Amino acid sequence: GTLSAFTTIYQEEGILGFFAGLVPRLLGDILSLWLCNMLAYLINTYALENGVRAELGGAWEGWGGTGNVSAMTEMKSYSQAVTGFFASMLTYPFVLVSNLMAVNNCGLAGGLLPYAPAYDSWLDCWSQLHREGNMNRGNSLFFRKVPTGKRYVWD
C-alpha cells in the first residue's frame, strides 16, 4: 500500500525523491499569490473605489446609501476570482515543470523515454520546454496544442 510506495521512493531516489518538483511549485505558488493579491488590490483601490467616488461626486465619506456600496462589495469579490484566474494562467509554466519533475525518471512509463526526456534539474526542464515552445502545453481545456514531429508509438 502506501507504506510500500514511500519505501520504494526512498530506496530508488533517496530523501530528495519526496521533494521532486518542490522548488518550481513553491515559486509558482508564491508568484501566483503575489500577483493575485496585487492585481486585486489595484483593481479594488483604483478602479472600483475611484469609480464609486466619481459616481457620488466626491461625497463618499458621509454617504449613507447602500446600493452602490453593496455593488462595490460584490465587484470586489469578483475581482479576487478574476485575478486568481489570470495569476494561475501566468504561473502555469511553474506547475507544468513541477509536475514533469515529479515524474521525471521515476519508473512510470510517462516519466521515461520516449514519452519524456530525463532532466537533470528543474531549470533544465524549464529551458527545454521554453526552447520547444511548450511552456503552456496542457493549459487550455478546449484549445489543445499538439506538438508536431514527435512520435510516441514504436513501429
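Residues numbered from 1 in each chain as written. Predicted model: local features only at pLDDT ≥ 70, side-chain atom pairs only at ≥ 80, totals over all residues. Heavy atoms only, no water.

- The name given to the protein in an unreviewed UniProt entry is Mitochondrial carrier 2, with Chaetura pelagica as the source organism.
- Recorded in UniProt under Subcellular location (unreviewed entry), the annotation for the protein is "Mitochondrion outer membrane".
- Its UniProt record gives the protein a comment under Sequence similarities (unreviewed entry), which states: "Belongs to the mitochondrial carrier (TC 2.A.29) family." (UniProt positions renumbered as here; feature names shortened; annotations may be inferred.)

## Some details on the side chain of Asn 44
Turning to step 1, where the next piece is worked out: Within the element layout of this structure, Asn 44 appears in helix H2 (residues 22–56).
Turning to step 2, where the next piece is worked out: Of the residues examined, Asn 44 reaches a relative accessible area of 14% and is grouped as buried.
Turning to step 3, where the next piece is worked out: Among the polar contacts listed, one links the side chain of Asn 44 to the side chain of Ser 79, at a separation of 2.7 Å. (Helix = DSSP H or I, 4+ residues; strand = E, 2+ residues; numbered from the N terminus. Buried < 20%, exposed > 50% of the residue type's maximum accessible area, 1.4 Å probe, protein only. Polar contact = N/O pair within 3.5 Å; in protein donor to acceptor, adjacent residues only side chain to side chain.)

## Observations regarding the packing of aromatic side chains
How two aromatic rings sit relative to each other is set out by the distance from centre to centre and by the angle between their planes.
Turning to step 1, where the next piece is worked out: All told, the structure shown has four aromatic pairs when counted by the stated rule.
Turning to step 2, where the next piece is worked out: Judged by centre distance (5.9 Å) and plane angle (40 degrees), the rings of Phe 6 and Phe 18 are tilted. Placement of Phe 6 in helix H1 (residues 2–13) and of Phe 18 in the loop between H1 and H2 is noted, with a sequence separation of twelve residues between them.
Turning to step 3, where the next piece is worked out: We classify Phe 6 as partly exposed; its relative accessible area is 44%.
Turning to step 4, where the next piece is worked out: Exposure remark for Phe 18: the relative accessible area of 35% places this residue in the partly exposed category.
Turning to step 5, where the next piece is worked out: Taken together, Phe 94, Trp 122 and Trp 126 form an aromatic cluster joined through their ring pairs. (Phe/Tyr/Trp six-rings, centres within 6.5 Å; stacked < 30°, edge-to-face > 60°.)

## Quick word on the side chain of Ser 98
Turning to step 1, where the next piece is worked out: Tracing the sequence through the fold places Ser 98 in helix H4 (residues 92–102).
Turning to step 2, where the next piece is worked out: When near neighbours in sequence (up to four residues on either side) are disregarded, Ser 98 contacts Gly 21, Pro 24 and Arg 25. (Contact = heavy atoms within 4.5 Å.)

## So, the packing of H4 against helix H5 (residues 122–132)
Turning to step 1, where the next piece is worked out: Between H4 and H5, whose axes approach to 10 Å, the crossing angle comes to 120 degrees. Of the possible angle classes, the one that applies to H4 and H5 is oblique. In the crossing of H4 with H5, the sense of the turn from one axis to the other is right-handed. Across from Pro 93, Phe 94, Leu 96, Val 97, Leu 100 and Met 101 in H4, the residues of H5 making contact are Trp 122, Cys 125, Trp 126 and Leu 129. (Axes fitted to C-alpha atoms, helices over the stretch in contact; angles between N-to-C directions. Parallel < 35°, antiparallel > 145°, perpendicular 65-115°, else oblique. Left-handed = near helix turned anticlockwise from the far one by under 90°.)

## So, the nonpolar core
Turning to step 1, where the next piece is worked out: Core analysis: the biggest nonpolar cluster contains nine residues, these being Tyr 92, Leu 96, Val 97, Leu 100, Met 101, Tyr 119, Cys 125, Leu 129 and Met 135.
Turning to step 2, where the next piece is worked out: Secondary structure elements with two or more residues in this core: H4 and H5.
Turning to step 3, where the next piece is worked out: With five residues, H4 is the single largest residue contributor to this core.
Turning to step 4, where the next piece is worked out: Residues contacting Leu 96, with those up to four places away along its chain left out, are Leu 129, Asn 134, Met 135 and Arg 137. (Core = buried A, V, L, I, M, F, W, Y, C linked by side-chain atoms within 4.5 Å.)

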